[in-house]
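Okay, here's what each chain looks like letter by letter:
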Amino acid sequence: MPRPAYTGEQIRQAEAPLLEAGEGDRLMRRAAGQLAAVCRRVLRLGGGTVYGRRVAVLTGPGNNGGDALFAAADLARRGAAVTLLHTLGTPHAAGLAAALSAGCRRVDIAQAPSHLGAADLVIDGVFGTGAKPQLPEDLVRLIRVWQASSARSEGQITVAVDVPTGIDASTGRSAQAAVQADWTVTFGGLKTGLFTGAGARASGRVVLAPIGLDFSDTVPDAWVYKRSDLRELVKAPTGEDHKYTRGVVGICAGSADYPGAAVLCTNAAVAAGAGMVRITGDERLRSAVTSHVPEAVAADGRVQVWAVGPGSPGSDRTEAAFSSGEPVIADAGALDHLPERLPAGSIITPHAGELERLLKARGHSVQRSQIEQDQLRWARTAARELDAVVLLKGHRTVIAEPDGTVHLPPAGSANLATAGSGDVLTGVLAALLAERAAAKGHLEPGVTAVTAAAAVLLHGRAGKSATHASGLPRAVEQAVLKARAR
Ligand SMILES: NC(=O)C1=CN([C@@H]2O[C@H](COP(=O)(O)OP(=O)(O)OC[C@H]3O[C@@H](n4cnc5c(N)ncnc54)[C@H](O)[C@@H]3O)[C@@H](O)[C@H]2O)[C@@H](O)CC1
Ligand SMILES: Nc1ncnc2c1ncn2[C@@H]1O[C@H](COP(=O)(O)OP(=O)(O)O)[C@@H](O)[C@H]1O
Ligand SMILES: [K+]
């Protein structure tokens, strides 16, 4: 199931009672012990040893550096050749004492490039949750020189302590430069910023190291998904089901210029397992769709969820779907005709360019590139203002609820960067949402958002085995069957 993630501030609040109770040292030892265990594991990958390996440890002035220094001591005791490279301020005193007495060697920071280049393992303990946004210039230069260097030892592994330096733990934003880690060992709870934006690119594989923090009274900031979550998220029909209990999708898509969008969206809804799919449109459009998707029904009747907008269906059809009162998925062309209030449980599915248009029309001065750099902020802004769930598409897709909770599925296959693939996502989401609406009688924002994450996971997996949009529905069907079988 999806895992909760927190802001840096929430993590610090959860730590506060333990620090007040004088547990700070014990927390740090626990954190450092688990950090060292991951470092030993990565050094041993492929039959390697800890003994005799070159380890470079970058430290900063706070507790993040303290964690790194205690882990350095552990590795030195096991025979690693550990070099300490302190970047700024005063190093954590107890950590430094432990590292030096275990045999780590302190080296002037001016020599950092050669030590960083030669290391088998680099531990990044400069800043963690205490990081301020602007990095000192020397540090920016050092990170850039090291990470771009062609002299880096082959197979070098970087392990970030808690958060890669240069990444904001809460937002995933990076100001000027960020350490690109292969692994991040994060303490107490997952941080939202490790799974979005620059943070998702920088954190590599994230290992959660528990240190006994209590989050029972904390509402998670985000939910983080992994591919295997599909198993729990995709429902298989039972013997009691019939087509109406499995959900009826209405599709309002396609036009004379874009008939294909209606075909793709309808085909995808059918492939994702909708009980029934109804389509709207004139005679020509209906026959174009039914000739490709014979299961689609052109007759009027009950619909549980409307998919509206792919292929610019025009304002009359769009407004008719919106005024039905049933939840809608508003995509593409429908985003220009949003009503004052969307029906409860509805979701909009813009890409960054469409969200720019939508936000500008509501008085925000924001560019597409700013939305791409801070997906969380702008998806949350739109969700709050529209009082609807927002699915902001991209290499990594972000789903925001009106209360600010975000859902972060992993990146899908880059094969999805092709015209029409968004129409397929809308169809998949319509099928999954109609199933939920049929089962529950109504949709709450949280249910819509989790279901949207499931649709993104299915779409992302389907992208692996299709090179173009009309190949996607078949791949969606395979992904659904695989998820149901487990
Ligand atoms: N508080 C706790 O109980 C625990 C904290 N732990 C570690 O402690 C970290 C947080 O420690 P801290 O609060 O000391 O914070 P950090 O170690 O992240 O950094 C704080 C220090 O760096 C300086 N600094 C931050 N950003 C800067 C910038 N951009 N330019 C110049 N100076 C900057 C600050 O002024 C401060 O001196 C966590 O990320 C985690 O690694 C762990 O040991 C687990 C327990
Ligand atoms: N590089 C990429 N990696 C992963 N997924 C991508 C990438 N580019 C686009 N996608 C996904 O493909 C879909 C494209 O949708 P959209 O932009 O609406 O295209 P269209 O309107 O042509 O169907 C979205 O689901 C998006 O998240
Ligand atoms: K760090």
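All figures in this text were calculated on a predicted structure; none of them were measured in a lab. (Residues numbered from 1 in each chain as written. Chains lettered and ligands numbered in written order. Predicted model: local features only at pLDDT ≥ 70, side-chain atom pairs only at ≥ 80, totals over all residues. Heavy atoms only, no water.)

Undergrad: It is not clear to me how the UniProt feature "domain: YjeF N-terminal" (unreviewed entry) in the protein should be interpreted in this structure. Could you clarify?
TA: Per the UniProt entry, the sites bearing "domain: YjeF N-terminal" (unreviewed entry) are residues 11–219 in this numbering. A helix fraction of 38% and a strand fraction of 18% characterise residues 11–219, whose end C-alpha atoms lie 12 Å from each other. (UniProt positions renumbered as here; feature names shortened; annotations may be inferred. Helix = DSSP H or I, 4+ residues; strand = E, 2+ residues; numbered from the N terminus.)

Undergrad: What should I look at first to understand the layout of surface pockets in this one?
TA: Regions of empty space are outlined by a rolling probe, equal in size to a water molecule, passed over the atoms. Estimated volume of the largest pocket: approximately 1100 Å³. Taken together, 45 residues line the largest pocket, and the ones lying closest to its centre are H351, K393, G394, H395 and R396. Of all the secondary-structure elements, those providing two or more residues to the lining of the largest pocket are α7 (197–202), α12 (352–361), α13 (368–373), α14 (375–386), α15 (421–440) and α16 (445–462). When residues in the lining of the largest pocket are grouped by element, the largest group, 5 residues, is from α13. For the lining of the largest pocket, the residue count by class is 15 nonpolar, 19 polar and 11 charged. Built from parts of two domains, the lining of the largest pocket gets at least three residues from each of domain 1 (3–224) and domain 2 (229–484). Empty space within the second largest pocket amounts to approximately 610 Å³. R12, N63, N64, T129 and G130 are the residues nearest the centre of the second largest pocket, which is lined by 28 residues in total. Of all elements in the fold, only α1 (8–20), α2 (24–44) and α3 (63–77) reach the threshold of two or more residues within the lining of the second largest pocket. (1 Å grid on protein atoms, 1.4 Å probe; cavity = no way out; pocket = protein on both sides within 12 Å on 5 of 7 lines; lining within 4 Å. Points joined across faces, edges and corners; volume = space filled by probe spheres on them. Nonpolar A, V, L, I, M, F, W, Y, C, P; charged D, E, K, R; others polar. Domains from an automatic or database assignment.)

Undergrad: So what exactly am I meant to see when it comes to the coordination of the potassium ion (ligand 3) here?
TA: Octahedral metals with six donors have ideal donor angles of 90 or 180 degrees. Tetrahedral metals with four donors have an ideal donor angle of 109.5 degrees. Here the potassium ion (ligand 3) is held by N64 (OD1), D124 (O), F127 (O), V161 (O) and V163 (O), and the distances to it run 2.6 to 2.9 Å. Counting residues between consecutive donors of the potassium ion (ligand 3) along the chain gives the motif N-x59-D-x2-F-x33-V-x1-V. Of this pair, N64 sits in helix α3 while F127 sits in the loop between β5 (121–125) and α6 (137–148), and the two are 63 residues apart along the sequence. Like F127, N64 is buried. (Donors = N, O, S within 2.8 Å, 3.2 Å for Na, K, Ca; no water. Buried < 20%, exposed > 50% of the residue type's maximum accessible area, 1.4 Å probe, protein only.)

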